[in-house]
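# A look at the structure
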Amino acid sequence: MNAEHADLYRLLVWTSPSYPIGAFSYSHGLEWAVEEGSVRDVATLVDYIGAVLERGGAWVDAVLFAHAHRHAGDDDKLDEISELASAFRASAETALEARQQGAAFLLVTRRAWPHPQLDAFAECHADQAATQCVTMALACAAHGLPLAASLGAFLHSVAANLVSAGVRLVPLGQTDGQIALARLAAVVSRVTAAAPTTDIDDLGTASPGLEFCSMRHETQYTRLFRS
């Protein structure tokens, strides 16, 4: 296997639904949006996920992913980025979502795709869970995967997981799910291009509707998802 194919293979594995990080159990507040009726078809599902990617938690993660990838060899800087990523959450459930998936990603990747940088990071952060955007960025940098492809794969995995949740919740057909992913391709492309050029000091969100859904989901009477 040549280097290009090896890189692609890693990214496909790490962002596959079968990678055991529990992504299937989180909806990023989408479950409440379906419950109260603002997400009810393909168009509104695409709008919701597009907001997550361009103005919400995934936008924050994309910018911090890019910075973590660049500073993977600087322990002090990477620690700062990791602390910010853990704190940059508006609700308890989105914090849980990011940290538990981050911890699971680090655990399984150290076993299946070991690297000394991952071991050192895990040792330094044994008492505090890092978010998935940081742990995956570090793994990609440690294994020599380019930033653009790595970030694009990460954002696609976010979109694909939320589409899968939407298909189950609305519910929608499997073809509708693929239509949603096709429509989100341009959004993923824009965020992949914009995030690496964004300074951390300029980082912020503008998604009060998403945060409202997440907080309402915390007390939703019946629910399938953890966020």
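Residues numbered from 1 in each chain as written. Predicted model: local features only at pLDDT ≥ 70, side-chain atom pairs only at ≥ 80, totals over all residues. Heavy atoms only, no water.

### Examining the state of the cysteines
This is how it is decided: The disulfide criterion is simple: two cysteine sulfur atoms within 2.5 Å.
Across all of its chains, the model carries 0 disulfides by this definition. Unpaired in terms of disulfides, C140 finds its nearest cysteine sulfur in C133, a separation of 12 Å.

### A few points about the side chain of T44
Inclusion rule: For the purposes of this entry, the term helix denotes a DSSP run of H or I that reaches at least four residues, the term strand denotes a run of E that reaches at least two, and both are numbered from the N terminus. Contact between two residues is taken to exist if any of their heavy atoms lie within 4.5 Å; hydrogens are not considered.
As for its position among the elements, T44 is in helix 3 (residues 42-55). Discounting residues that sit within four places of it in the chain, T44 has contacts with S38 and V39.

### Focus: the packing of aromatic side chains
Each aromatic ring pair is characterised by the separation of its centres together with the angle its planes make. Applicable threshold: Within 6.5 Å between ring centres, the rings of Phe, Tyr and Trp (the latter by its six-membered ring) count as paired, and their orientation is classed by plane angle as stacked under 30 degrees, edge-to-face over 60, tilted in between. In this scheme, a residue with accessible area under 20% of its type's maximum is buried, one over 50% is exposed, and one in between is partly exposed, where area comes from a 1.4 Å probe on protein chains only.
Summed over all chains, the structure comprises 5 aromatic pairs. Judged by centre distance (6.0 Å) and plane angle (80 degrees), the ring pair of W14 and F105 falls under edge-to-face. Here W14, found in helix 1 (residues 3-14), pairs with F105, found in helix 6 (residues 92-112); they are 91 residues apart in sequence, far enough to count as distant. Take W14 and F105: they sit in the same class, and that class is buried. Three or more aromatic residues joined by ring pairs form one cluster here, namely Y9, W14, Y19, F105 and W113.

### Re the confidence of the model for the protein
Rule in force here: Per-residue confidence from the prediction method is given by pLDDT, with values spanning 0 to 100.
Overall, the predicted model of the protein reaches an average pLDDT of 94, with 100% of residues at or above 70. Mean pLDDT in the protein bottoms out at helix 11 (residues 208-217), which sits at 89, and peaks at helix 10 (residues 174-194), which reaches 98.

### Some words on the nonpolar core
The following threshold applies: Only buried residues count toward a nonpolar core, which is a set of Ala, Val, Leu, Ile, Met, Phe, Trp, Tyr and Cys residues joined through side-chain atoms within 4.5 Å.
Counting 72 residues, the largest nonpolar core has L30, L53 and F65 as its most contacted members. No other element matches the 12 residues that helix 9 (residues 147-169) contributes to this core. When residues no more than four places from it in sequence are discounted, the contact partners of L30 are V39, L45, Y48, L162, A165, G166 and L169.

### Considering the side chain of E31
Quick reminder of the rule: When charges are counted, Lys and Arg contribute as positive and Asp and Glu as negative, whereas His and the chain ends are disregarded. The term salt bridge refers to a side-chain nitrogen of Lys or Arg lying within 4 Å of a carboxyl oxygen of Asp or Glu. For the purposes of these results, a polar contact is taken to be a pair of N or O atoms within 3.5 Å, where, inside protein, one atom must be able to donate a hydrogen and its partner to accept one; residues adjacent in sequence count only when each atom of the pair is a side-chain atom.
Here E31 shows up in helix 2 (residues 30-35). Despite its burial, E31 remains without a salt bridge, the nearest opposite charge being carried by R223 at 5.5 Å. A distance of 2.5 Å separates the side chain of E31 from the backbone nitrogen of L224, its partner in a polar contact. The residues contacting E31, other than those within four sequence positions of it, are L169, H217, Q220, T222, R223, L224 and F225.

### Topic: unusual backbone geometry
Cis rather than trans, the peptide bond between V170 and P171 has omega equal to -5 degrees. Here P171 is to be found in the loop between helix 9 and helix 10. Even without a glycine there, the phi angle at H28 is positive, about 55 degrees. With respect to the element layout, H28 can be found in the loop between helix 1 and helix 2.

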